[in-house]
Protein chains: 4
Amino acid sequence: MLEQLKQDVLQANLDLVRHGLVPLTWGNVSGIDRSSGWIVIKPSGVAYGALTPGDMVVVDLQGKTVEGSLRPSSDTPAHLCLYNACPLIGGIAHTHSPYATMFAQSCREIPCLGTTHADQFHGPVPLARFLSEEEVQDDYEANMGRVIVERFRGLDWQSIPGVLLAGHAPFTWGTSAADAVLHAVALERIAHMAFGTLRLNPEAPELPRYILAKHHRRKHGPDAYYGQKKS
Amino acid sequence: MLEQLKQDVLQANLDLVRHGLVPLTWGNVSGIDRSSGWIVIKPSGVAYGALTPGDMVVVDLQGKTVEGSLRPSSDTPAHLCLYNACPLIGGIAHTHSPYATMFAQSCREIPCLGTTHADQFHGPVPLARFLSEEEVQDDYEANMGRVIVERFRGLDWQSIPGVLLAGHAPFTWGTSAADAVLHAVALERIAHMAFGTLRLNPEAPELPRYILAKHHRRKHGPDAYYGQKKS
Amino acid sequence: MLEQLKQDVLQANLDLVRHGLVPLTWGNVSGIDRSSGWIVIKPSGVAYGALTPGDMVVVDLQGKTVEGSLRPSSDTPAHLCLYNACPLIGGIAHTHSPYATMFAQSCREIPCLGTTHADQFHGPVPLARFLSEEEVQDDYEANMGRVIVERFRGLDWQSIPGVLLAGHAPFTWGTSAADAVLHAVALERIAHMAFGTLRLNPEAPELPRYILAKHHRRKHGPDAYYGQKKS
Amino acid sequence: MLEQLKQDVLQANLDLVRHGLVPLTWGNVSGIDRSSGWIVIKPSGVAYGALTPGDMVVVDLQGKTVEGSLRPSSDTPAHLCLYNACPLIGGIAHTHSPYATMFAQSCREIPCLGTTHADQFHGPVPLARFLSEEEVQDDYEANMGRVIVERFRGLDWQSIPGVLLAGHAPFTWGTSAADAVLHAVALERIAHMAFGTLRLNPEAPELPRYILAKHHRRKHGPDAYYGQKKS
């Protein structure tokens, strides 16, 4: 069941490697079938080169394994928390890509310093706080998701499709697993360029708000004119 | 029609990927046939791996689509503005390559710190200003081109084949689409090396003007002796 | 003899190249067969592309060549010292990977700034001191091993599977040659991210100890739940 | 004639690309046949992918073309100057590799901060001065060679197989074209690691002289024990 979604989720995981975002067995991508409420996710700690669609694990929104003989990614509860919080999310990617992780470890949001950023994130990439000792000891991975949800109160999940978890790394999401990976690729580029911009000019100006708004509208929403018309 | 130019423009777009300057669907290259005044440009938001010569869009110098079923790059009006401003331009490339974009986001020109730079750009790589709110809201992409043209008053388009747009990214140009990509590759290398040079020595000296002039003459103009004689 | 181990050690050496950790003939990996006490190691200064399993050199724990017509890596005495010091070590990797080496040359330990680090190293990556003039002049490579052993007094070789040698570069180890390479890959990523984190925020906080402990337990020890159950 | 040397010089030039040291048509490598005094060098400004052994140009030590229909590299007079100055040089490589060039543009020597450096260069990588206006205007490329020769008065060409030319880029040399490329690869790694080391610790200590001497003796000279015995 969910054969197409398994293929898509497998491909999205392999794309993390192809884009240079993850070495070894790091990182994970999932996708959801909203009609059944079932999620397809990468198994934990298996080499990318060995993955087949049949290795993908199917879990429900409460985290119960529905299909699959392997353990799902240890980060699965964090994914579930985000799927439950925002019904528009169709896929989620988690990497420890270098530059985005540097910002997460530095406990700094990524300011919007240019149109590359504005094309993808409608404002700074937010930082979710460190978990408390209690949150770490009990239900750790679900609590990762909860501090992200907490951080997104008042924010729009669609126009800001990613977050940095303090001392950890980024999560990104989108309408599908592939879209979540696309945002992971873009986030790493944006983080790299913000890193270098701040070295060249610690007082680099944030992009004027009218340009931020323009670039967002150009790609997203009813008046978007970037890309081809969806048929 | 313009089959050779479509092939050349397609190849130039694929070269952006091959040289690592663009991920995803970012970036665009165009080329012009000066006899007809028609421009061939990449369609908007199509994956590089899927592009064929027939996907290239043909527009005239006023931006009217002459041939092609896909939407041209959303940056097309900026390209047109440059083609109209300088009749010697045969091709234009636009990327968000990391180091050049860091300078654009930092609102700093790239000073000429060495002969690598002097071989390609006869002086600093200029910075065009932020667009005003009015310029963004009405005819945005054409106004990108206009602020570049404004910045080049008194400059020579041939000896300085590129520019940084503040808060955005670089544009480069040349005698053909391939030549514009060559300048995009060189600009990214130059920006990377200037970035590192300024870290090692914030007071690094600009290249003496007589070396700048020598390197320019060596590659360009009537006494050039770099490369092979054109037959 | 030890044909499988030779294959494994050869593959581990080639993986150093595949992961971009070593150019030219730099770097070396060894593995030990604890039942015989024999070690398989890369020959000195041979191009990676030309290596065959039969080129691997077999030495005993005192450094005597047991099999092989080529000279073993010049760093062999350092490997032997670590195998003798900790019976749990099954493989050792030595690279001059750029970011880990920057910390070694800077005479700085790598602080634990995030969960990527905590997943692999249970605390800072330690720095072993410069060798004295006497230690360099007599039995140099064995003394490299000895200063590492000296530095690990009171530390756990399993939970901290690597070290930086001041002014030199990293050594990593693991349960096998492949595991040692895995730690070399992780260490280079960790070093890169620590480097950038300290640029963004020289006062970046160390990861809270309860998160460090959690990530270590999650991957290692009796309650580990990362990866698949070993059958 | 010199068919083997042409093959070797072609391969050495292609290795510059393979090691990521040069894009486009940048860089050049030459090799000399000391018995005839003839030098084989890359032609100027030809794409690497198109080069054949027959494209290599043969010149004598005075720069007269002996064989070949293409123009030799515009940097040929600099190569000749070095071959004339040191009869032990068998090959020369010139790149604009990023990190070495950053030091050249910064007008800083590369201090010896670790054993990676000591394995290749017995002391800091020297910096040759800017050329004067007269030296640039008349016989420019030969004068590049002359300021390098001037800088090497009192230095040993064999134990320091490379130099940075202020505001320009590195030259390296060796016993053959392949050996010169090997030093170009090592120099770029060394420069990268020195760059990062100085960011982490601007007061990073130079490698103690007794370790520098040890690493040099270990690889070079009568008591060398790195690599395999030459038969």
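Residues numbered from 1 in each chain as written. Chains lettered and ligands numbered in written order. Predicted model: local features only at pLDDT ≥ 70, side-chain atom pairs only at ≥ 80, totals over all residues. Heavy atoms only, no water.

1. Points about the sheet that holds strand β1 (residues 28-33) of chain D
All names here are of chain D.
Logical step 1: Pairing is mixed across the open sheet formed by eight strands, whose spatial order is β4-β3-β2-β1-β5-β8-β7-β6. The sheet terminates laterally at β4 (65-67) and β6 (127-128), the two strands that pair on one side only.
Logical step 2: The sheet contact formed by strand β7 (residues 162-165) and strand β8 (residues 170-174) spans three bridges and is antiparallel. Residue pairing across strands places V163 opposite F171, the latter belonging to β8.
Logical step 3: Lying on the sheet, helix α7 (residues 177-200) is in contact with β1, β5 (91-94) and β8; it crosses β8 at an angle near 135°. (Pairing = 2+ DSSP bridges. Helix = DSSP H or I, 4+ residues; strand = E, 2+ residues; numbered from the N terminus. Contact = heavy atoms within 4.5 Å. Axes fitted to C-alpha atoms, helices over the stretch in contact; angles between N-to-C directions.)

2. Describing the interface of chain B and chain A
Logical step 1: With 39 residues of chain B in contact, the opposing surface of chain A contributes 34 residues.
Logical step 2: For the chain B and chain A pair, buried surface summed over both sides reaches about 3,200 Å², with 57% attributable to carbon and sulfur atoms.
Logical step 3: When the buried surface of chain B facing chain A is broken down by residue, W26, R71 and Q105 of chain B rank first, second and third, together holding 22% of it.
Logical step 4: One can count two salt bridges joining chain B with chain A.
Logical step 5: Of the charged contacts in the structure, one is a salt bridge between E141 of chain B and R218 of chain A, with a shortest N-O distance of 2.6 Å. (Buried area = accessible area lost by both parts, 1.4 Å probe. Salt bridge = Lys/Arg side-chain N within 4 Å of Asp/Glu carboxyl O.)

3. What about the environment of E67 of chain D?
Residues and elements named next belong to chain D.
Logical step 1: Here E67 lies in strand β4.
Logical step 2: Sequence separation of E67 and V57 is ten residues, and the distance between their C-alpha atoms is 6.1 Å.
Logical step 3: Setting aside residues no more than four positions away along its own chain, E67 makes contact with M1, K6, V57 and V58.
Logical step 4: Of note is the side chain of E67, whose polar atom sits 2.6 Å from the side chain of K6. (Polar contact = N/O pair within 3.5 Å; in protein donor to acceptor, adjacent residues only side chain to side chain.)

4. A short note on the pairing of strand β3 (residues 57-60) of chain D
Residue and element names in this part refer to chain D.
Logical step 1: Of the two faces of β3, both are covered, the one formed by V57 and V59 as well as the one formed by V58 and D60.
Logical step 2: Across four bridges, strand β2 (residues 38-41) lies against β3 in antiparallel orientation. From the neighbouring strand, I39 faces β3, where its bridge partner is V59.
Logical step 3: With two bridges joining them, β3 and β4 adopt antiparallel strand pairing. Of the residues in β4, the one forming a bridge with V59 is T65.
Logical step 4: Counting the residues in the hairpin turn of β3 and β4 gives four residues, including G63, whose phi is positive at 95°. (Buried < 20%, exposed > 50% of the residue type's maximum accessible area, 1.4 Å probe, protein only.)

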